[in-house]
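A closer look at the structure
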Amino acid sequence: MPYRIEGSGDAVAVRIMLVTSRGTGRWVIPKGNVGPTASLHAAAAAEAEEEAGVCGALCPVPIGAYRYRKRRGSGASLMVDVDVFPLAVTQELDDWKERAERERRWFSLADAAKAVDEADLRELIQSFAPAQFQLAVRQGGRHRRPPGHPAKGNSMFAWFQRLLPKTGNFFELFEAHAATVLAGAEATARLLDGGPAGKEHIREIIEREHDADEITREVLKSVRATFLTPFDRASITALIGSLDDTIDEMQAAAAAIDLYDVSSFAPEMRDMAAIVVDAARLAAEAMPLLRDVTRNGERLHELTERLIRIEGHADEIHAAGLKRSLQEHGATDTLRFVIERELYKHLERIVDAFEDVADEIDGIVIDHA
């Protein structure tokens, strides 16, 4: 499922790319059969490039599955199970294999859900970034009354509230930091794709990390200066600290790549980078939902559950990558093995930091939902 995130703050939007099927012209996601040697997610990435002309960071952990009935050449109409992998699009090709056979188009989540025929796929699209995501962003200002217009029957309480110090802009800072982390994750994935622009991607990661540090400092400053905070002060500092750790580890990985002048990366490294992008997407969705933990507790739990699940999958990829590196370079190029082992260590720490973010969010949900 190719996607991209546009805008920021109140204007943030997730868009999904659909393509037309060759037989009926209906709107579908890119999909296809798995070859005898390809992994599921590698096959999905290949189909996205062939059918839609898009490339990017494809998370190797599916977000779900759906079933549909496919007509075979024999005339039989059989049920097919499709695993759906999120693909953060970083490149749209001008020319691709099936360009003359299909139309591609970006849809809003709501329009994409309406365009597809399969009910299960429709639910997957709708749950990718649900309405609560936008609702939570808007709730910060929805029920505010103009100065001097207290709620009827609560004039004394409204008067008392005006005497209290302000409660800070923690939610805006959380969301800004998460958006910065997502941008850093996307730059990390582009870096591990290889190519001549590696220095530019490294520079962007460093700049994003500096931006994140500024936001973190503002949060810590606000914690000290604010009388009323939305959560316990320890929870606020722990959450922003765990978020900041994710992009700190991205910078550490970029610095190692720059130091050792690495320009080509193993498939397992690219898979771990794709997991980092998906983890950052989940964190970016979770932050606005913290504006109303009680209402959004269930969705927050779903997001943290996936964060923890993909962290476990990243451990498996990390082990497989190290094994491959040892087999390929252990006896013949020890320095290469040592360098790759260090890069895997940094990538694993990024994903581990996102698991810490999930733990902090879960703690807030338990305390406040």
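Notes on the structure in this doc start here. Quick caveat, the model's predicted, so the values are computed rather than measured.

Turning next to the overall build of the protein chain. Per the secondary structure count, the protein chain includes 11 helices and eight strands. Within the protein chain, the fraction of its 369 residues that count as buried is 46%. The contacts of the protein chain with a sequence gap of at least 6 include a subset with a gap of at least 24, amounting to 75%. In the structure as shown, the protein chain presents an accessible area of about 18300 Å², 50% of it carried by carbon and sulfur atoms.

For the structure shown, the criterion picks out 27 salt bridges. In this structure, the salt-bridge partner of Arg15 is Glu6, at a minimum N-O distance of 3.8 Å. Residues Glu118 and Arg26 are paired through a salt bridge, measuring 2.5 Å at the closest nitrogen-oxygen approach. Of this pair, Glu118 sits in the loop between helix 2 (109-115) and helix 3 (119-128) while Arg26 sits in the loop between strand 2 (13-20) and strand 3 (27-28), and the two are 92 residues apart along the sequence. With a relative accessible area of 23%, Arg26 lands in the partly exposed category. Shared partners join several salt bridges into a network, and the residues in it are Arg4, Glu6, Arg15, Glu92 and Arg104.

Judged from the two bridges that link them, strand 1 (residues 2-6) and strand 7 (residues 87-92) form a sheet pairing that is parallel. By the bridge assignment for strand 7, Tyr3 is matched with Ala88.

Aromatic ring pairs are defined here through the distance separating the ring centres and the angle between the ring planes. Summed over the entire model, instances satisfying the criterion amount to four aromatic pairs. Relative to Phe107, the ring of Trp27 has its centre 5.0 Å away and its plane inclined at 75°; by these criteria the two rings are edge-to-face. Placement of Trp27 in strand 3 and of Phe107 in strand 8 (residues 104-108) is noted, with a sequence separation of 80 residues between them. Summarising the aromatic geometry, the rings of Tyr66 and Tyr68 are spaced 6.1 Å apart at their centres and angled 35° between planes, so their arrangement reads as tilted. Accessibility expressed as a relative area gives 2% for Tyr66, which makes it buried. The lysine or arginine in question, Arg281, covers the ring of Tyr3, its NZ or CZ lying 5.6 Å from the ring centre.

In this section: the nonpolar core. Core analysis: the biggest nonpolar cluster contains 93 residues, and Phe174, Met250, Met287, Leu290, Phe354 and Ile361 have the highest contact counts within it. The element that contributes the greatest number of residues to this core is helix 9 (residues 267-289), accounting for 15 residues. For Met250, the residues in contact, after removing those within four places along its chain, are Val181, Gly184, Ala185, Thr188, Ile205, Val276, Ile350 and Phe354. If you look at the next biggest cluster of nonpolar residues, it comprises 11 residues, including Met17, Val19, Ala48 and Val54.

The next subject is the pairing of strand 7. Both strand 4 (residues 54-58) and strand 7 contribute to a ladder of five bridges, which runs antiparallel. Each residue of the ladder has a partner; that of Ala57, found in strand 7, is Ala88.

Looking now at the packing of helix 6 (residues 170-192) against helix 7 (residues 198-225). Their axes nearest at 9 Å, the elements helix 6 and helix 7 cross at an angle of 165°. Our classification of the angle between helix 6 and helix 7 gives roughly antiparallel. Seen from above, helix 6 lies across helix 7 with left-handed handedness. Classifying every residue of the contact of helix 6 with helix 7 by side-chain character gives 12 nonpolar, eight polar and five charged.

Time to look at the side chain of Asn296. Turning to its location among the elements, Asn296 is positioned in helix 10 (residues 293-329). A polar contact of 3.1 Å, which involves the side chain of Asn296, links it to the backbone oxygen of Leu289.

With respect to the secondary-structure elements, Ala254 resides in helix 8 (residues 233-260). With 50 residues separating them in the primary sequence, Ala254 and Glu204 have C-alpha atoms 9.9 Å apart. Not counting the four nearest positions on each side in its chain, Ala254 is found in contact with Leu191, Ile202 and Ile205.

To continue, consider helix 3. When helix 3 is considered as a whole, its buried residues turn out to be Leu121, Leu124, Ile125 and Phe128. Taken around the axis of helix 3, the buried residues stretch over an arc of 95°, which confines them to a single face.

Along the chain, the position of Glu47 falls in helix 1 (residues 40-52). Arg102 is the oppositely charged side chain nearest to the buried, salt-bridge-free Glu47, at an N-O distance of 6.2 Å. Not counting residues up to four positions away in its chain, the partners in contact with Glu47 are Pro30, Lys31, Gly32, Asn33 and Ala52.

Here Asp261, not a glycine, exhibits a phi torsion of approximately 55°, which is positive. The exposure class assigned to Asp261 is exposed, which follows from its relative accessible area of 56%.

Attention shifts here to the environment of Ile275. Within the element layout of this structure, Ile275 appears in helix 9. On the accessibility criterion, Ile275 (0% relative accessible area) is buried. For the pair Ile275 and Ile310, spaced 35 residues apart in sequence, the C-alpha separation works out to 6.9 Å. When neighbours within four sequence positions are excluded, Ile275 is seen to be in contact with Cys59, Pro60, Ile310, His313, Ala314, Ile317 and Val351.

Definitions and limits used
- Residues numbered from 1 in each chain as written.
- Predicted model: local features only at pLDDT ≥ 70, side-chain atom pairs only at ≥ 80, totals over all residues.
- Heavy atoms only, no water.
- Helix = DSSP H or I, 4+ residues; strand = E, 2+ residues; numbered from the N terminus.
- Buried < 20%, exposed > 50% of the residue type's maximum accessible area, 1.4 Å probe, protein only.
- Contact = heavy atoms within 4.5 Å.
- Areas by Shrake-Rupley, 256 points an atom, 1.4 Å probe, with all protein chains shown as cover.
- Salt bridge = Lys/Arg side-chain N within 4 Å of Asp/Glu carboxyl O.
- Pairing = 2+ DSSP bridges.
- Phe/Tyr/Trp six-rings, centres within 6.5 Å; stacked < 30°, edge-to-face > 60°.
- Lys NZ or Arg CZ within 6 Å of the ring centre and 35° of its normal.
- Core = buried A, V, L, I, M, F, W, Y, C linked by side-chain atoms within 4.5 Å.
- Axes fitted to C-alpha atoms, helices over the stretch in contact; angles between N-to-C directions.
- Parallel < 35°, antiparallel > 145°, perpendicular 65-115°, else oblique.
- Left-handed = near helix turned anticlockwise from the far one by under 90°.
- Nonpolar A, V, L, I, M, F, W, Y, C, P; charged D, E, K, R; others polar.
- Polar contact = N/O pair within 3.5 Å; in protein donor to acceptor, adjacent residues only side chain to side chain.
- Arc of directions from axis to C-beta.
- Lys, Arg positive; Asp, Glu negative; His and termini not counted.

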